[in-house]
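Notes for the structure review
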Amino acid sequence: MSGPTASLKPPTGAVAPERHPDAPPPGELLGPHYDQCFACGLKQPHGLHLAARAGEGASVTAEFTIASAHQGAPGLAHGGVLAAALDETLGSLNWILQVIAVTGRLETNFVRPVPVGTVLHLEARATAVHGRKIYSAAVGRLGGPDGRVAVRATALFVKVPIDHFTDHGRAAEIKAVLAQQEQVKAVRALEVNP
Ligand SMILES: CCCCCCCC/C=C\CCCCCCCC(=O)SCCNC(=O)CCNC(=O)[C@H](O)C(C)(C)COP(=O)(O)OP(=O)(O)OC[C@H]1O[C@@H](n2cnc3c(N)ncnc32)[C@H](O)[C@@H]1OP(=O)(O)O
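Nothing here was measured: the structure is a model prediction, and the numbers come from that model.

**Some points on the overall build of the protein chain**
A count of helices and strands for the protein chain gives 4 helices and 6 strands. In the protein chain, the succession of helices and strands from N to C terminus is β-β-α-α-β-β-β-β-α-α. Radius of gyration (C-alpha) of the protein chain: 17 Å, near the 16 Å computed for a compact globule of 194 residues. Once the C-alpha set of the protein chain is aligned to its principal axes, its extents read approximately 45 × 45 × 35 Å. Across the 194 residues in the protein chain, those meeting the buried criterion constitute 31%.

Now the structure itself:
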C-alpha cells in the first residue's frame, strides 16, 4: 500500500507537537465533547459511544464496540463508521494539545474487515505541527491494544477560532458545551490542587 498523499506529509519547518501542561493526565477518560456527537455522545442511541482516554505524550486511545446499527455488509462494520471512529479519536488529540481544530483531510486504509461485536481499540498520535496545521495518525486494532491492525488513518487537522462553530453551527448549544468544559476544567484543577 502506498504512503499518504503529499499534503499529509509535514512540510519543512514543521515542529514536534507538545502535550499541553493542562492536558488531562495519561489514562484519564476524556468524556464526550458533546452528548449528541455521533461518535462520542451518549444521547445518540445508534452512535458509536466511543470512549477516549488521554495517552502518553501527544496521544490518545479509544474503544468502541461495533453494534448492528454500524453494519455495511451483513455482520461487518461500515467503512464510513470506521472512518468516523478514526476521525473522532484523532479529534480527541485537541484535548491533549488544548487546541480547537477540525478535520481538513482524513485518509483511511481499511486493512481487515471488522465483525459486529468486535471491540475496536484505537490509538491516535499527533506527529507534527506547522502554523495552524496539525498532522496526525491513528491505528485501530481488533479486540485490544495488541490485536491485529484493522484500520489506519493519516490526517490533517486545522486550528480554528471558536467562531467556526458559532458561525456555522448552533450557537446556544455550543455555548452550553463550552460552559460544561469549563466546569470539567475547574474540577480537574481542584483535583490536582485541592
Ligand atoms: C463538533 C462540535 C463541537 C462544538 C464544541 C466546541 C468545542 C470544540 C472542541 C473540540 C471539538 C472536537 C471535535 C472533534 C470531532 C471530530 C473532528 C471532525 O469531524 S471536525 C468536522 C469535519 N471537518 C469540517 O467540517 C471542516 C470543514 N472545513 C473547514 O471549515 C475549512 O476548510 C478549514 C477550517 C479546514 C480550513 O479553512 P480555512 O479557511 O480556515 O483555512 P485555509 O487557509 O483554507 O487552510 C489552512 C491551511 O490548511 C491547509 N489545508 C486546509 N484544508 C486542507 C486539506 N483538505 N488538505 C490539505 N491541506 C489543507 C491549507 O492549505 C492551509 O495551509 P497553509 O497554512 O497555507 O500552509
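Now that the structure is up, let's keep going.
**Digging into the sheet that holds strand 1 (residues 51-54)**
Pairing is antiparallel in the open sheet, where 6 strands are placed in the order 1-2-4-5-6-3. Either end of the sheet is taken by a strand with one partner, and the two such strands are strand 1 and strand 3 (101-110). Ignoring which end each strand starts from, the neighbouring axes of this sheet average 20 degrees apart. Bridging between strand 5 (residues 133-142) and strand 6 (residues 149-159) involves 9 bridges; their strand directions are antiparallel. In the strand pairing of strand 6, Val-139 is matched with Arg-152.

**So, the environment of Thr-89**
In this fold, Thr-89 is placed in helix 1 (residues 79-91). Using a count of 30 C-beta atoms within 10 Å as the deciding quantity, one classes Thr-89 as buried. Put simply, Thr-89 and Pro-113 are 24 residues apart on the chain and 19 Å apart in space, counted from C-alpha to C-alpha. If we ignore the near neighbours within four places in the chain, the residues touching Thr-89 are Ala-52, Val-60, Ala-62, Leu-122, Ala-124 and Ala-138.

**Details of the UniProt feature "domain: Thioesterase" (unreviewed entry) in the protein chain**
Taken from the UniProt record, the annotation "domain: Thioesterase" (unreviewed entry) applies to residues 75-133. The distance from the first to the last C-alpha atom of residues 75-133 is 37 Å, and the span holds 31% helix and 39% strand.

**A few points about the nonpolar core**
In terms of nonpolar packing, the biggest core is built from 41 residues, with Leu-50, Ala-85, Leu-86, Leu-90, Leu-93, Ile-96 and Leu-120 touching the most fellow members. For this core, the elements supplying multiple residues, two or more each, are strand 1, strand 2 (59-65), helix 1, helix 2 (93-97), strand 4 (119-130), strand 5 and strand 6. If near-sequence neighbours (up to four positions away) are discounted, Leu-90 is found in contact with Ala-124, Ser-136, Ala-138, Ala-153, Ala-155 and Phe-157.

**Description of the domain arrangement of the protein chain**
Per the domain assignment, the segments making up the protein chain are domain 1 (14-160) and domain 2 (162-194). Between domain 1 and domain 2, the C-alpha centre-to-centre distance is 20 Å. Facing the 7 residues of domain 1 at the interface are 5 residues of domain 2. Partitioning the side of domain 1 that touches domain 2 into residue classes produces 5 nonpolar, 2 polar and no charged.

**Here's the deal with the pairing of strand 6**
Of the pairings in the sheet, the one linking strand 3 to strand 6 comprises 9 bridges and is antiparallel in character. Looking across to strand 6, one finds that Glu-107 is bridged to Thr-154. In this structure, the hairpin formed by strand 5 and strand 6 is closed by a connection of 6 residues, where Gly-143 is found at a positive phi of approximately 90 degrees.

**So, the site of the ligand**
Around the ligand lies a shell of 22 residues, among which Ser-7, Gly-91, Val-102, Gly-104 and Arg-105 are the nearest. Of all the secondary-structure elements, those providing two or more residues to the shell around the ligand are helix 1, strand 3, strand 6 and helix 4 (171-192). Here the element with the most residues in the shell around the ligand is strand 3; it accounts for 4 residues. A per-class count over the shell around the ligand returns 10 nonpolar, 7 polar and 5 charged. Two domains each put at least three residues into the shell around the ligand: domain 1 (14-160) and domain 2 (162-194).

**A short note on the confidence of the model for the protein chain**
The predicted model of the protein chain averages 94 in pLDDT, with 95% of residues at 70 or higher. The ipTM for the predicted assembly is 0.91, set against a pTM of 0.93.

Cut-offs applied
- Residues numbered from 1 in each chain as written.
- Predicted model: local features only at pLDDT ≥ 70, side-chain atom pairs only at ≥ 80, totals over all residues.
- Helix = DSSP H or I, 4+ residues; strand = E, 2+ residues; numbered from the N terminus.
- Rg over C-alpha atoms; globule rule 2.2 N^0.38 Å.
- Buried ≥ 20, exposed ≤ 12 C-beta atoms within 10 Å, placed from the backbone.
- Pairing = 2+ DSSP bridges.
- Axes fitted to C-alpha atoms, helices over the stretch in contact; angles between N-to-C directions.
- Contact = placed C-beta atoms within 7 Å.
- UniProt positions renumbered as here; feature names shortened; annotations may be inferred.
- Core = buried A, V, L, I, M, F, W, Y, C linked by C-beta atoms within 7 Å.
- Domains from an automatic or database assignment.
- Nonpolar A, V, L, I, M, F, W, Y, C, P; charged D, E, K, R; others polar.
- Near = placed C-beta within 6 Å.
- pLDDT = per-residue confidence, 0-100.

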